[in-house]
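Given next are the chains, with one letter for each unit.
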Amino acid sequence: MTDVQHMKWWGWGVEGVGFHWEDKPGFAPFVDYAVGLDLRTAPVISKPDFDKLSVADSLASSAFVASLASIVGEAYVSTDKMERVVHTYGKSIRDLIRVRANLIERAPDVVVYPADEDETQRIVDAAVAADVVIIPFGGGSNIASSLEPRADETRVVLSLDMGRMRKLLSIDDESGLAVIQAGALGPDLEEQLNGKGWTLGHFPDSFTHSSLGGWIATRSSGMQSDKYGDIADIVRGLHVVRPGGILVIRPIPSSSTGPSVREMIVGSEGRLGIITEATVQVHRQPAKRDVYAYFFPNWEAGTAAMQEIAESDATPSITRVSDARETGFSLATSKESHGLSKFLAGTVLPFLMRRKGWNLDDICLSFIGYEGGEAHAKLQKKLVERILKKHGGMGVGSGPGVLYDQKKFDTPYLRDFLLDRGAAGDVSESAMPWSKVNQLHDAVRVAADKAFDEIGIKGWIMSHVSHSYHSGACLYFTFSFVFGDDPIGEYNVVKSAIQQAFIDNGGSLSHHHGVGLEHAPWLEQDISPEGVAVMRGLFASADPGENFNPRKIVADVKEPAKAR
Ligand SMILES: Cc1cc2nc3c(=O)[nH]c(=O)nc-3n(C[C@H](O)[C@H](O)[C@H](O)COP(=O)(O)OP(=O)(O)OC[C@H]3O[C@@H](n4cnc5c(N)ncnc54)[C@H](O)[C@@H]3O)c2cc1C
């Protein structure tokens, strides 16, 4: 046994933590209204039984396992069933449905935990020499089917778990650059940086269970990206173990050497080698960090405000605005005596809003973060609030923002709660120019509703602007429905409709969840057939034996764009 912690095999996070609705009086009525699920009477599906999972025998020969053990030591190689199951899937709804339903088509045959870059190199060389498939594993949190071995893989599949490589190796204080091992999970990495007064500033919702290497390999984005950048901006240097040697990208702030190999590695989902360490830009921990809540009279006012902020001199750390439906959800998930519920409980706010002519069904909740030195944070707030006022924004203080900030890493547990009651709750996101934001928002709602009708279910979709840029934004959609007889088939109909609406309305196939197998059917529409041809050429030349996580990103077979 290693000391590497994994998430539970059947769901998000760790055992013993979960979502609770009993202390949120608005939640059950909301779920009933949104998807027709009565939480008070819905049967709760019992926890799946691991012993009943059927997993085919490992194809790894004892000689190959022994050769790995000679590199890392016996304790760090495993063909154990639990290890193989934990390393099979990520944490998408599709993954969770399959693993709970005993649908494991192809598990990795062997899991190995290198201690350092040298061991990683020796593993890669041994695996490629034996024509073994290598799938790097970070936290296992991806939701794009980026980890699963292909179902028809006849070669041995090795899951290379980076979990022992989680150290902060060095900091160049003068340049604000830190060298960190790729297996470090969010908390590992922030704790070590904070100990020296620094922060990376990368906080995806999956922060607690995702790794630096995984963030880089999927082009991740954190909720404070407006200030700190996406991971593609944060990572400057890289070490990537490839057959026979290490690809080194030095941490240069900018360069005219193109095409950029650094950019090729960022988002490569394990197809170009194993990222063992990264040099990332880090920031001094901010003296002040506040998240304030505001309401807008409607969605258009909210998005116009976000756009004007992005184009202004203001640099807040978070700019987020929910549509009216998501605002309803946020109000419903707040506790009786806290934050937003005070609003529901009849403070003077609804009265004020009505007096302004607002329709309370249209109001949109926004969170804006201000971060940095005291004076900087104060100035940002002043600059931003001037813009918010122009668009009718009404401040409700930092109380709800504090709660949002504290609870953000618990939200993912809601998906398991819904699955336990036979319902899906999943997400999909896209980036688009500002000129398309409202159009895409409305078109995705129409497309999802049509898909719900097609499969004859009552579904729900809601959205927020999650990340802003000078020229556009990311819209993050959450959808939910109660399963009928064919959960995966129903999910595919809804997910495909949403993905196609992204592309048809000027959006990207994803903004920060990567491509994997899940989004590969839309790649050609996203980057053009010529773009895909260039990518195919890259993978074919860099990995002629198809040993590195084959078939991810670029689909093998040309088929109409729809989820599998
Ligand atoms: C509830 C939930 C919330 C989420 N929120 C966010 C969010 O806010 N922002 C966001 O960006 N994402 C989010 N995600 C998605 C996910 O957390 C990201 O895709 C994350 O970057 C994956 O990191 P990981 O370490 O878990 O990678 P894994 O899932 O282990 O692997 C992902 C891919 O990267 C490859 N890989 C992993 N490590 C390496 C390495 N060292 N070298 C080469 N390739 C490697 C794998 O082979 C695989 O192809 C969320 C997911 C869930 C389930």
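Look up: the structure comes first, before these words.
Bear in mind that the values here come from a model prediction, so they are computed numbers and not experimental data.

Trainee: Mind showing me how you'd approach the overall build of the chain here?
Mentor: Of the regular secondary structure elements, the chain holds 20 helices and 18 strands. The C-alpha atoms of the chain give 23 Å as radius of gyration, which agrees with the globular expectation for 564 residues (24 Å, within 12%). Dimensions along the principal axes, computed over C-alpha positions, put the chain at roughly 75 × 60 × 45 Å. Counting all 564 residues of the chain, 58% fall into the buried class. Put simply, 77% of the contacts in the chain that link residues at least 6 apart link residues at least 24 apart. Of the roughly 22700 Å² of accessible surface on the chain, a fraction of 53% belongs to carbon and sulfur atoms. Looking at the chain, you have 57 positive and 73 negative side-chain charges, and the mean spots of the two groups are 4 Å apart.

Trainee: Looking at this model, I keep getting lost on the nonpolar core. Mind explaining?
Mentor: The nonpolar side chains of a soluble globular protein tend to be buried, and buried together. If you look at the biggest cluster of nonpolar residues, it comprises 77 residues, and the most contacted ones within it are Leu158, Leu193 and Val280. Of all the elements, helix α2 (residues 62-72) adds the most residues to this core, at five residues. If we skip the residues at most four places from it in the chain, Leu193 touches Leu168, Ile171, Ala178, Ile180, Trp198, Thr199, Leu200 and Val282. Judged by nonpolar contacts, the second largest core, of 47 residues, contains Ile93, Leu96, Trp299 and Leu440.

Trainee: What should I look at first to understand the site of the ligand in this one?
Mentor: Around the ligand lies a shell of 37 residues, among which Pro136, Ser141, Ser206, Ser211 and Ser220 are the nearest. A distance of 3.3 Å separates an oxygen atom of the ligand from a polar atom in the side chain of Asn549. Ranked by residues supplied to the shell around the ligand, first place goes to helix α7 (residues 212-218) with five residues.

Trainee: Is there a simple way to explain the packing of helix α11 (residues 299-311) against helix α18 (residues 437-454) in this structure?
Mentor: At a minimum axis distance of 10 Å, the contact between α11 and α18 shows a crossing angle of 140°. Taken together, α11 and α18 sit at an angle that is classed as oblique. Remark: the crossing between α11 and α18 carries right-handed chirality. Contacts between α11 and α18 involve Trp299, Glu300 and Thr303 from the former and Val437, Asn438 and His441 from the latter. Here the residues of the contact of α11 with α18 sort into two nonpolar, three polar and one charged.

Trainee: Explain helix α19 (residues 487-504) to me, please; I cannot follow it from the model alone.
Mentor: In an α-helix, one full turn covers 3.6 residues, which means residues spaced three or four apart are oriented alike. Over its 18 residues, α19 extends 26 Å from the first C-alpha to the last, a length consistent with the 26 Å expected when each residue adds 1.5 Å. In terms of residue burial, α19 counts as a mostly covered element, since 13 of its 18 residues are buried. Just downstream of α19, Gly506 is the residue with a positive phi angle, here 85°.

Trainee: Just checking my understanding: could you explain the state of the cysteines for this structure?
Mentor: A covalent bond bridging the sulfur atoms of two cysteines is what the word disulfide describes. Going through the model one piece at a time under the given rule, you end up with zero disulfides. You can see Cys364 has no disulfide; the closest cysteine sulfur is in Cys474, sitting 17 Å from it. A relative accessible area of 0% places Cys474 in the buried class.

Trainee: Explain the sheet that holds strand β10 (residues 274-281) to me, please; I cannot follow it from the model alone.
Mentor: Each strand in a sheet pairs with its neighbour through backbone hydrogen bonds, running either in the same direction (parallel) or in the opposite one (antiparallel). Across the sheet, which stays open at both edges, the five strands sit in the order β5-β6-β10-β8-β9 with antiparallel pairing between neighbours. Single-partner strands in this sheet number two, and they are β5 (168-172) and β9 (245-249). On average, adjacent strands in this sheet sit at an angle of 15° to one another, irrespective of strand direction. For strand β8 (residues 235-242) and β10, the ladder comprises six bridges, and the chain directions are antiparallel. Residue pairing for β10: Leu238 is matched across the bridge by Ala278. Strands β8, β9 and β10 of the sheet are contacted by helix α5 (residues 117-129), whose axis makes an angle of about 45° with β8.

Trainee: Even after reading the chapter, I still don't get the pairing of strand β14 (residues 364-372), so can you show me in this structure?
Mentor: Looking along a regular strand, one sees side chains alternate from face to face of the sheet. Within β14, nine of the nine residues are buried, which leaves it mostly tucked inside the rest of the structure. Across the two faces of β14 the burial is the same, with Cys364, Ser366, Ile368, Tyr370 and Gly372 and Leu365, Phe367, Gly369 and Glu371 all buried. Bridge count between strand β12 (residues 288-296) and β14: nine bridges; the pairing is antiparallel. Paired with Ala293 across the strands is Phe367, a residue of β14. Here strand β13 (residues 318-322) runs beside β14; their pairing, made up of four bridges, is antiparallel. The residue bridging Val321 from the neighbouring strand is Ser366, located in β14.

Trainee: Teacher, can you tell me more about the packing of aromatic side chains here?
Mentor: Aromatic ring pairs are reported here in terms of the distance separating the ring centres and the angle at which the planes meet. Following the criterion strictly, the structure yields 13 aromatic pairs and no others. Measuring from centroid to centroid gives 6.0 Å for Tyr33 and Trp460, while their planes differ by 65°, and the two rings are edge-to-face. Here the residue Tyr33 occupies a position in helix α1 (residues 27-35), and Trp460 occupies one in strand β17 (residues 459-468), the gap between them amounting to 427 residues. Residue Trp460 is classed as buried on the basis of its relative accessible area of 8%. Taking the ring centre of Phe539 as reference, the NZ or CZ of Arg271 above it sits at 4.1 Å. One residue, Lys458, lies across the ring of Tyr33, its end atom 5.8 Å from the ring centre.

Parameters and conventions
Residues numbered from 1 in each chain as written. Predicted model: local features only at pLDDT ≥ 70, side-chain atom pairs only at ≥ 80, totals over all residues. Heavy atoms only, no water. Helix = DSSP H or I, 4+ residues; strand = E, 2+ residues; numbered from the N terminus. Rg over C-alpha atoms; globule rule 2.2 N^0.38 Å. Buried < 20%, exposed > 50% of the residue type's maximum accessible area, 1.4 Å probe, protein only. Contact = heavy atoms within 4.5 Å. Areas by Shrake-Rupley, 256 points an atom, 1.4 Å probe, with all protein chains shown as cover. Lys, Arg positive; Asp, Glu negative; His and termini not counted. Charge placed at Lys NZ, Arg CZ, Asp CG, Glu CD. Core = buried A, V, L, I, M, F, W, Y, C linked by side-chain atoms within 4.5 Å. Near = heavy atom within 4 Å. Polar contact = N/O pair within 3.5 Å; in protein donor to acceptor, adjacent residues only side chain to side chain. Axes fitted to C-alpha atoms, helices over the stretch in contact; angles between N-to-C directions. Parallel < 35°, antiparallel > 145°, perpendicular 65-115°, else oblique. Left-handed = near helix turned anticlockwise from the far one by under 90°. Nonpolar A, V, L, I, M, F, W, Y, C, P; charged D, E, K, R; others polar. Expected span 1.5 Å × (residues − 1). Disulfide = S-S within 2.5 Å. Pairing = 2+ DSSP bridges. Phe/Tyr/Trp six-rings, centres within 6.5 Å; stacked < 30°, edge-to-face > 60°. Lys NZ or Arg CZ within 6 Å of the ring centre and 35° of its normal.

On their own, these measurements won't tell you what the molecule is for.
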